[in-house]
Amino acid sequence: MMNSGGIGVPLGFPLGPTSVIQVTNLSSAVTSEQMRTLFGFLGDIEELRLYPPDNAPLAFSSKVCYIKFREASSVGVAQHLTNTVFIDRALIVVPCAEVMQPTRTVVMCKTTFDHRENTALGKRPCLISFGS
């Protein structure tokens, strides 16, 4: 098992200090505004991405959200919301590794989510781009 970089979560790849979390097992009814309200109590949110987005034309049975906080310390606090029932499901909150690029941040997470099939693909790194 690889070291998680001191966060306490073995992700299968090194994880240093991060300010991004992945929230899975979300109700299909959840909105970006609800996620911003819930997690905004834990720290200032720099960016929030909900997939599929609020305006998606197709129905999905669940959603996934990526939240980038201004402070990395908010990630540890956010993980305490794991197993908290929100709407109709228990949340799963995990930290995501950030890879800085000149104009954006790329996030690598433990679980890849296939939105076409609406299923988790397992413990494979996924890439989410924040910023421009």
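The rules behind the values
- Residues numbered from 1 in each chain as written.
- Predicted model: local features only at pLDDT ≥ 70, side-chain atom pairs only at ≥ 80, totals over all residues.
- Heavy atoms only, no water.
- Phe/Tyr/Trp six-rings, centres within 6.5 Å; stacked < 30°, edge-to-face > 60°.
- Helix = DSSP H or I, 4+ residues; strand = E, 2+ residues; numbered from the N terminus.
- Buried < 20%, exposed > 50% of the residue type's maximum accessible area, 1.4 Å probe, protein only.
- Core = buried A, V, L, I, M, F, W, Y, C linked by side-chain atoms within 4.5 Å.
- Contact = heavy atoms within 4.5 Å.
- Pairing = 2+ DSSP bridges.
- pLDDT = per-residue confidence, 0-100.
- Salt bridge = Lys/Arg side-chain N within 4 Å of Asp/Glu carboxyl O.

Caption draft 1: Quick peek at the packing of aromatic side chains. Across all of its chains, the model carries 1 aromatic pair by this definition. For the pair Y51 and Y66, a centre-to-centre distance of 6.0 Å together with 65 degrees between the ring planes defines the contact as edge-to-face. Taken as a pair, Y51 in strand β2 (residues 45–51) and Y66 in strand β3 (residues 62–69) lie far apart in primary sequence, 15 residues in all. Judged by relative accessible area, Y66 falls into the buried class, the value being 2%.

Caption draft 2: Region of interest: the nonpolar core. Residues I21, V23, M35, F39 and I67 are the most contacted members of the largest nonpolar core, which totals 18 residues. Of all the elements in the fold, those that place two or more residues in this core are β1 (20–27), α1 (32–40), β2, β3 and α2 (73–78). Those residues within four positions of M35 in sequence are excluded, and the remaining contacts are V23, L26, V30, G40, L48, C65 and F86.

Caption draft 3: Summary view of the pairing of β3. Buried residues dominate β3, accounting for 8 of its 8 residues. Of the two faces of β3, the one holding S62, V64, Y66 and K68 and the one holding K63, C65, I67 and F69 are both buried throughout. Looking at chain direction, β1 and β3 are connected through 6 bridges and run antiparallel. Residue pairing in the sheet places S27 in a bridge with S62 of β3. Bridging between β2 and β3 involves 6 bridges; their strand directions are antiparallel. In the strand pairing of β3, I45 is matched with F69.

Caption draft 4: Quick peek at the confidence of the model for the chain. Of the residues in the chain, 62% reach a pLDDT of 70 or more, and the chain-wide mean stands at 76. Ranking the elements of the chain by mean pLDDT puts strand β9 (residues 119–122) last with 46 and α1 first with 96. Every residue in residues 101–105 scores below 50 in pLDDT, and together they form 15 contacts with partners more than four places removed in sequence or on other chains. In the predicted structure, residues 112–125 sits below a pLDDT of 50 and forms 32 contacts with residues beyond four places in sequence or in another chain.

Caption draft 5: A look at the pattern of salt bridges. All told, the structure shown has 4 salt bridges when counted by the stated rule. As a salt-bridge pair, K68 and E46 come within 3.6 Å of each other at their nearest N and O atoms. Of this pair, K68 sits in strand β3 while E46 sits in strand β2, and the two are 22 residues apart along the sequence. For the salt bridge of R70 with E46, the shortest nitrogen-to-oxygen distance reads 3.9 Å. Of the two residues, R70 sits in the loop between β3 and α2 while E46 sits in strand β2, which places them 24 residues apart along the sequence. Because the salt bridges share partners, they merge into one network encompassing E46, K68 and R70.

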